[in-house]
Every structure is written in C-alpha cells, then in structure tokens.
Amino acid sequence: MRRLLADDPLLLEGRVVLPAVGTLTLRRTPDGQGTFFLLYREAGHVATGEGTYGPLPAGMVQPASFSPLAHRQDLDLWRTVMREYNEELLGAPEARGDSGTEVDYDQPPYSLLNAALADGSLRVWCLGMALEPLNLAVCILTVAVFEADTFDTIFAEAVERNEEGIVISGPRSNGTITGLPLDAASVNALPPSRMSSPAAGLLQLALLHRDVLLSGPDHPQA
C-alpha cells in the first residue's frame, strides 16, 4: 500500500477510506480561559492506538444501526460526534451498528447538544483531515468549545472510565469535571511518546488558534 501511495498519500481519489472523527473538547470559563479533556486508550479495549492519549471523543464515521434509515440520517459528522459524546463521556453503550434500532436524536443528550449548538453556548470547528503517519488512516479533526455552565449541565454525570479507557479530566469539583488547562505548559507536560497523532495535532492547532476558539459566543466565528 505504501508503494502504491508513494507519489501522494493525501490523494484520496486512489483508495477507499473509512474516516474517523477526533474531537478536542474545550470547556470555556466566563473569564475566557479554556480546559481540555483526553482519553487514555487502554490496551485490550481499543482496536488501534493502545496505550496512547487520544481526543475525547473519537470514533469511526458510521451508522448507528443496520437500519436503512440510519444509513441515511447518520451520514452526518455532527451526529457522529454527538453519539461519541454519549458513549465516551456519559458511558452509554457503543452504537456498534449491529442492531436495527435508530438513534432518537430528539432525546437527551442529543437534544441538549443540538440546543447548545443552536444558541451558541457550544461552537464547533472542523480543522481539516489528517493522515496518520504510520497506518495512513484518515481522521477528521474537529474542536468543540462549550461554555462552562452548558458543559457542566450536559455532562453532569460524566464517567471516569468508559468501554475504551480512562477519561483524563483533571480535578473534579463537586462531581463536575473541569479539564486540564489549555496552555503550552499543560500540553508540553503530556508524554510525547504516548500521544496519538490526532490528539497531538489537535492540541497544537488549538494553542495556535486559542484566541479564536475561546473568543466567546458574542464574537463572530472565524
């Protein structure tokens, strides 16, 4: 495969890819500071990236069930991200696509996430598509910025561990996860050899565009 792609591994017209989406979750406090969250991907619990820190949430872009309706309604990047939030931060069973039941996006937490997106207390950016250097897998890089009170309401029951690993969420305050500070010191303190490439890339891009990402809901998005 590497020989076939040697001329241009970024030329996706030459091969079929099943992309993943990795989302860097930021919690923005009223004073404009931001924190982030990661997932430590435990060995034996994930198909790829064992023993590394990855974005939270992350998952393959795929329908939630075998239903023909799901194949149509789930071909949606935001719905993929929402399902991963439900699974990885709230501990819901993974939508593996092995049943005929569609997801009801009018129920919490999906309805809460959609409402937050509509009122601006949640803002989402797509930073592009990245190629894993070792296995040439494709990951769509996104950032979701929540106002702190919105995040705390939606994820009031956030889990410490899910089916794939351990939620890295910093200290908990009255049961609420607060995250790690989004600054160069915190990012540089993470073990480089244990960082997945999507997580490392997202954090570097978030630092680069920190002022835009944390500008708040009253400022126009760039």
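Scroll up to find the structure.
Everything quoted here is computed from the prediction, not taken from an experiment.

A. Fine view of the overall build of the protein chain. Helix and strand counts for the protein chain stand at 7 helices and 11 strands. The buried share of the protein chain, reckoned over its 222 residues, is 47%. As displayed, the protein chain offers around 11,400 Å² of accessible surface, 56% of which is attributable to carbon and sulfur atoms.

B. Main features of the packing of helix α2 (residues 77–88) against helix α3 (residues 110–119). Close contact between α2 and α3 brings their axes to 10 Å; oriented N to C, the two are set at 125°. Taken as axis vectors, α2 and α3 run oblique relative to one another. When you trace α2 past α3, the crossing you get is right-handed. In this structure, α2 uses Trp78, Met82, Arg83, Tyr85 and Asn86 to contact α3, whose residues at the interface are Tyr110, Leu113, Asn114 and Leu117.

C. The arrangement of the packing of aromatic side chains in detail. Evaluation of the coordinates by the stated rule reveals 8 aromatic pairs. Arranged with centres 5.7 Å apart and planes meeting at 90°, the rings of tyrosine 85 and phenylalanine 146 form a pair that is edge-to-face. Taken as a pair, tyrosine 85 in helix α2 and phenylalanine 146 in strand β7 (residues 138–147) lie far apart in primary sequence, 61 residues in all. Classification of phenylalanine 146 as buried rests on a relative accessible area of 0%. For the pair tyrosine 105 and tyrosine 110, a centre-to-centre distance of 5.2 Å together with 65° between the ring planes defines the contact as edge-to-face. What makes tyrosine 110 buried here is its relative accessible area of 8%. Linked through ring pairs, Phe37, Tyr85, Phe146, Phe151 and Phe155 together constitute an aromatic cluster. Residue placement shows arginine 79 over the ring face of tyrosine 105; its charged tip is 4.3 Å from the ring centre.

D. Quick look at α3. Within α3 the residues assigned to the buried category are Tyr110, Leu113 and Ala116. Taken down its axis, α3 places every buried residue within 130° of arc, on the same side. α3 presents Ala118 and Asp119 as exposed residues on the side facing more than 90 degrees away from its buried surface. On the buried face of α3, the contacting elements are α2, β6 (122–131), β7 and α4 (148–154). Positioned one or two residues after α3, glycine 120 has a phi angle of 90°, which is positive.

E. Representation of the pairing of β6. In the sheet, β6 pairs with β7 via 9 bridges, with the strands oriented antiparallel. Paired with arginine 123 across the two strands is valine 145, which belongs to β7. Remark: 6 residues form the turn of the hairpin made by β6 and β7, two consecutive strands paired antiparallel; leucine 136 in that turn has positive phi of roughly 60°.

F. Here's a closer look at the nonpolar core. One finds Tyr85, Leu89, Leu113, Leu122, Phe146, Phe151 and Phe155 to be the most contacted residues of the largest nonpolar core, which totals 27 residues. For this core, the leading source of residues is α2, giving 4 residues. Here leucine 89 is in contact with Leu56, Glu84, Phe151, Phe155, Glu157, Ala158, Val159, Val167 and Ile177, once residues within four sequence places are set aside. Ranked by size, the runner-up nonpolar core spans 21 residues in total, among them Leu26, Trp125, Val143 and Leu203.

G. Molecular detail of the sheet that holds strand β4 (residues 52–55). Reading across from one edge, β4-β3-β8 is the order of the 3 strands in this open sheet, with antiparallel pairing throughout. With partners counted over all chains shown, the strands left at the sheet margins are β4 and β8 (165–168), one partner each. Pairwise comparison of adjacent strand axes, ignoring direction, gives a mean angle of 30° for this sheet. For strand β3 (residues 38–41) and β8, the ladder comprises 4 bridges, and the chain directions are antiparallel. Within β8, the residue paired with leucine 38 across the bridge is isoleucine 168. Strands in contact with helix α6 (residues 197–208) are β3 and β4; relative to β4, the strand with the most contacts, it is inclined by about 55°.

Each value, and the rule that gives it
Residues numbered from 1 in each chain as written. Predicted model: local features only at pLDDT ≥ 70, side-chain atom pairs only at ≥ 80, totals over all residues. Heavy atoms only, no water. Helix = DSSP H or I, 4+ residues; strand = E, 2+ residues; numbered from the N terminus. Buried < 20%, exposed > 50% of the residue type's maximum accessible area, 1.4 Å probe, protein only. Areas by Shrake-Rupley, 256 points an atom, 1.4 Å probe, with all protein chains shown as cover. Axes fitted to C-alpha atoms, helices over the stretch in contact; angles between N-to-C directions. Parallel < 35°, antiparallel > 145°, perpendicular 65-115°, else oblique. Left-handed = near helix turned anticlockwise from the far one by under 90°. Contact = heavy atoms within 4.5 Å. Phe/Tyr/Trp six-rings, centres within 6.5 Å; stacked < 30°, edge-to-face > 60°. Lys NZ or Arg CZ within 6 Å of the ring centre and 35° of its normal. Arc of directions from axis to C-beta. Pairing = 2+ DSSP bridges. Core = buried A, V, L, I, M, F, W, Y, C linked by side-chain atoms within 4.5 Å.

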